[in-house]
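Examining the three-dimensional arrangement
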Amino acid sequence: MGTLVATSLFAIAALLGPAFQTSNAAQQPEDVKANAVVTEARKALGGEDKLAAVKRLQINGTTRRANGNFNLEGDTEIFFELPDKFRRNESLTLGGGTGIDRREILNGTEFSTEVSGGDFGGRGRGRFGGGFPGAGGAAGGADGRGAPTPEAQERLRDFQRRNLQSEVSRLLIAFLLTSNAPFRWIGTAQAPEGSADVLEVKTADGVATRVFIDTMTHMPLMLTW
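A quick note: this is a predicted structure, and the numbers were derived from the prediction, not measured.

Thresholds, definitions, all that
Residues numbered from 1 in each chain as written. Predicted model: local features only at pLDDT ≥ 70, side-chain atom pairs only at ≥ 80, totals over all residues. Heavy atoms only, no water. Helix = DSSP H or I, 4+ residues; strand = E, 2+ residues; numbered from the N terminus. Buried < 20%, exposed > 50% of the residue type's maximum accessible area, 1.4 Å probe, protein only. Polar contact = N/O pair within 3.5 Å; in protein donor to acceptor, adjacent residues only side chain to side chain. Phe/Tyr/Trp six-rings, centres within 6.5 Å; stacked < 30°, edge-to-face > 60°. Lys NZ or Arg CZ within 6 Å of the ring centre and 35° of its normal. Contact = heavy atoms within 4.5 Å. Core = buried A, V, L, I, M, F, W, Y, C linked by side-chain atoms within 4.5 Å. Pairing = 2+ DSSP bridges. 1 Å grid on protein atoms, 1.4 Å probe; cavity = no way out; pocket = protein on both sides within 12 Å on 5 of 7 lines; lining within 4 Å. Points joined across faces, edges and corners; volume = space filled by probe spheres on them. Nonpolar A, V, L, I, M, F, W, Y, C, P; charged D, E, K, R; others polar.

1. Describing the side chain of T76
- Mapped onto the elements, T76 comes out in strand β4 (residues 70–81).
- What makes T76 buried here is its relative accessible area of 6%.
- Reaching out from T76, the side chain makes a polar contact with the side chain of T63 at a distance of 2.2 Å.

2. Quick look at the packing of aromatic side chains
- What the rule picks out here adds up to 1 aromatic pair.
- Sitting above the plane of the F79 ring, R87 keeps its charged end 4.3 Å from the centroid.

3. Details of the environment of M219
- Note that M219 resides in the loop between β11 (208–214) and β12 (220–224).
- Of the residues examined, M219 reaches a relative accessible area of 25% and is grouped as partly exposed.
- With residues near it in sequence (within four places) discarded, M219 still touches A44, L45, F212, I213 and D214.

4. Quick look at the nonpolar core
- Counting 14 residues, the largest nonpolar core has I173, L177, F183, L199, V211 and I213 as its most contacted members.
- Secondary structure elements with two or more residues in this core: α1 (29–44), α4 (150–176), β10 (194–202) and β11.
- Looking at this core element by element, the count peaks at 4 residues for α1.
- Those residues in contact with I213, other than ones at most four positions away along the chain, are V37, A41, L177, S195, A196, D197, L199, H218, M219, P220 and L221.

5. Topic: the pairing of β4
- The pairing of β4 with strand β5 (residues 85–94) spans 10 bridges and is classified as antiparallel. Bridge assignment links F79 to a residue of β5, and that residue is R87.
- In sequence, β4 turns back onto β5 through a hairpin of 3 residues.

6. Section: the side chain of S195
- Inspection of the secondary structure assignment puts S195 in strand β10.
- Among the polar contacts listed, one links the side chain of S195 to the side chain of T215, at a separation of 2.7 Å.

7. Notes on the layout of surface pockets
- Taken as a whole, the second largest pocket spans an internal volume of roughly 570 Å³.
- Taken together, 27 residues form the lining of the second largest pocket, with P83, S169, L172, T178 and N180 sitting closest to its centre.
- Of the residues assigned to the lining of the second largest pocket, the class counts are 15 nonpolar, 7 polar and 5 charged.

8. Here's the deal with the pairing of β10
- Counted residue by residue, β10 has 7 buried out of 9 residues, so it is predominantly covered.
- Two elements, strand β9 (residues 184–191) and β10, share 7 bridges in a ladder whose sense is antiparallel. Looking at the pairing, Q190 lines up with S195 of β10.
- Where β9 hands over to β10, the hairpin turn is made up of 2 residues, counted between the paired strands.
- In this structure, β10 lies alongside β11, joined through 7 bridges in antiparallel fashion. In the sheet register, A196 faces β11, and the bridge partner there is D214.

As structure tokens, then:
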């Protein structure tokens, strides 16, 4: 489960809306409503022409993540070069103490993740592209010495690549309201601050992602998955 607040925190009190309807029509009512909501939202973000003209995008901000009993927080830089290049640099601290630098790169179907700092079992640097210490069991196989087999490493690489590609897809939904998969309108969320249309779209990993669009300003408020 994840949450990405794109513009402002929207405290959801309840999700109200019709159940999924079936129809013999070529286009479902939910699809018609979703298209209208997406059109207005993209206008609010600058318009179709400006959004289509975006080829490179840089985003700077702060990150906070829960990591077991600790919190990871710090500065984040995100770079997109559409259609299929992505880089994220993070300088994080673990529980306000140990510093960790992390870089993720996606270039088409090739990816790499590098981590430096922190405590990696005595190693000051780790590269997660084809496996890492202790990954054999999670990947589903190890050789006689307990190290991941080549097959397990390849499965791990494929798993990591698909996860990163899906995360990039969610970021593009959040910042540009762009998706290769169709949006479906599933209802309206009500809260003391106002209301939001709720759209649902599935990323390549099959995970349903919900986008909350302010019914007044038409700006994206939040992503959940």
